[in-house]
Amino acid sequence: MCLMSPVTPFFKCACPTGVLLHKDGKTCANGPDKVLLVVRKTDIRKISLDTSDYTDIVLPIRNVTQAVAIDYDPVDKLIYWTDHKVGAIQKANLDGSNQEVVVGTNVKQKQMTSDGLAVDWVARNLYWTDTSTNRIEVIRLNGASRKAVVTEDLDEPRAIVVDPNHGYIYWTDWGKKPKIEVAYMDGTHRQIIVNTSLGWPNGLAVDINTEVVYWGDAKTDKIETVNRDGTGRKVLVSSGVPLIFGLSLLDDHIYWTDWRTRSIERVDCKTGGNRTTIIQELSDLMGVKAVSVQDTNPCANNNGDCSHLCFFRPIGYVCACPPEMKLAGDARTCRTNPLFQH
């Protein structure tokens, strides 16, 4: 848009809220490049990080009743979120269109209570934690081939993140024995990374370049980091985080939501310095996702030639099947499992 000005050349070009003006002073970017997606219990908001005003915009999404967790698929540009009240995971475009249920609860199942979900944007899978069944499950982004990948030794599974570059999933558990774990993306080779000096490990993030894991603890009131192998544990933020919930990493910053301060803040992810308040006085803050486009792995190419599920792991990718099917001799194709035939 063109705005009149009292000084030469008597006009100034401007862009819509959150959109950056290019260096030529005349051309606007196509839209925000870096964005925070924020879940409140009854709405989902978008905050551009390209400009310093950090204006939050409510997305036109219907029937958000008790939303908790959020993630983003940079390939199809879709948001995914969990809602406790309806017991479902839904997805929609950023403009609110094409809203649909990806994972629901049928009459034979316990209602889903998912506090964490993670999009594998490469292999096109969706992972989530479920505190009603104490499981971690996965499904194709199109809603097909649902499978439980972790079913044992979970008490209160909470946040979950994926690292498709290296083939790992990470999650927090704030049950009676709180811990942070890592496993291959098919749920095998589980390892506990941290299980000491934890209270309520809530938000979780991973740097897929350095394999450094970040978490926020709502009981110890800290944000900490550790390497994937459990070494190098450090405190990043030690004060002013009284009840942290959501956590996300983008570039050089860690972002988080806090129930008690009703704010979203960020710090430098390496030093904990340059603390900045993005937004404040916003109640019912839940999950947060800082959006960026990531790298690829073998599952991105034709689903790894797998007929159903493709899991990338540090030792190479594997194909897998839903429970009612069995992997054929080619290790790629799922066939009907005779045990499920009547």
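Here the structure is a predicted model, which means the values were calculated and not measured.

(A) Just the overall build of the chain, in detail. Scanning the chain for helices and strands turns up zero helices and 30 strands. For the chain, the residues scored as buried account for 54% of the 342 residues in total. For the chain, the share of sequence-separated contacts (at least 6 apart) that also reach a separation of at least 24 residues comes to 41%. About 16,000 Å² of surface is accessible on the chain, with carbon and sulfur atoms providing 48% of the total.

(B) Just the nonpolar core, in detail. Counting 47 residues, the largest nonpolar core has Y80, L126, Y127, Y170, W171, L204 and F311 as its most contacted members. If sequence neighbours within four positions are ignored, Y80 has contacts with A69, I70, D71, D73, Q90, K91, V102, L117, V119, L126 and L141. Counting 17 residues, the second largest nonpolar core, distinct from the first, contains L37, V68, F245 and M286.

(C) Summary view of the packing of aromatic side chains. For the coordinates displayed, the defined rule picks out three aromatic pairs. The interplanar angle of 50 degrees and the centroid separation of 6.3 Å between the aromatic rings of Y168 and Y170 together place this pair among those described as tilted. With respect to class, Y168 is no different from Y170; both count as buried. Look at F245 and W259: their rings are 5.1 Å apart centre to centre, the planes differ by 15 degrees, and that puts the pair in the stacked class. Within this pair, whereas F245 is found in strand β22 (residues 244-250), its partner W259 is found in the loop between β23 (253-258) and β24 (263-268), the two being separated by 14 residues in sequence. An aromatic cluster of at least three residues, connected via ring pairs, comprises Y168, Y170 and Y184. One Lys or Arg, R158, reaches over the ring of F245 and ends 4.0 Å from the middle of that ring.

(D) Structural context of the sheet that holds strand β26 (residues 285-291). Taking strand neighbours across the sheet as the criterion, the four strands line up as β5-β4-β3-β26 in an open arrangement whose pairing is antiparallel. Edge positions in the sheet fall to β5 (56-58) and β26, since each has one partner strand and no second. The sheet shows a mean angle of 25 degrees between the axes of neighbouring strands, direction not considered. Direction of pairing for strand β4 (residues 44-48) relative to β5: antiparallel, over a ladder of three bridges.

(E) Local environment of the state of the cysteines. For the structure shown, the criterion picks out three disulfides. Here C299 connects covalently by a disulfide to C310, the sulfurs 2.1 Å from one another. Judged by the sign of its S-S torsion, about -75 degrees, the bond between C299 and C310 is left-handed. One end of the pair, C299, is in the loop between β26 and β27 (309-311); the other, C310, is in strand β27, and 11 residues separate them in sequence.

(F) The arrangement of the sheet that holds strand β18 (residues 201-207) in detail. If you trace the four strands from one edge of the open sheet to the other, you get β18-β19-β20-β21, paired in antiparallel fashion. Strands at the two margins of the open sheet, each flanked by one partner only, are β18 and β21 (234-237). Strand-to-strand, the axes of this sheet are offset by a mean angle of 25 degrees, without reference to chain direction. Where strand β20 (residues 222-227) lies against β21, three bridges are found, and the strand directions are antiparallel. The residue of β21 that forms the bridge with E224 is V235.

Parameters at a glance
Residues numbered from 1 in each chain as written. Predicted model: local features only at pLDDT ≥ 70, side-chain atom pairs only at ≥ 80, totals over all residues. Heavy atoms only, no water. Helix = DSSP H or I, 4+ residues; strand = E, 2+ residues; numbered from the N terminus. Buried < 20%, exposed > 50% of the residue type's maximum accessible area, 1.4 Å probe, protein only. Contact = heavy atoms within 4.5 Å. Areas by Shrake-Rupley, 256 points an atom, 1.4 Å probe, with all protein chains shown as cover. Core = buried A, V, L, I, M, F, W, Y, C linked by side-chain atoms within 4.5 Å. Phe/Tyr/Trp six-rings, centres within 6.5 Å; stacked < 30°, edge-to-face > 60°. Lys NZ or Arg CZ within 6 Å of the ring centre and 35° of its normal. Pairing = 2+ DSSP bridges. Axes fitted to C-alpha atoms, helices over the stretch in contact; angles between N-to-C directions. Disulfide = S-S within 2.5 Å.

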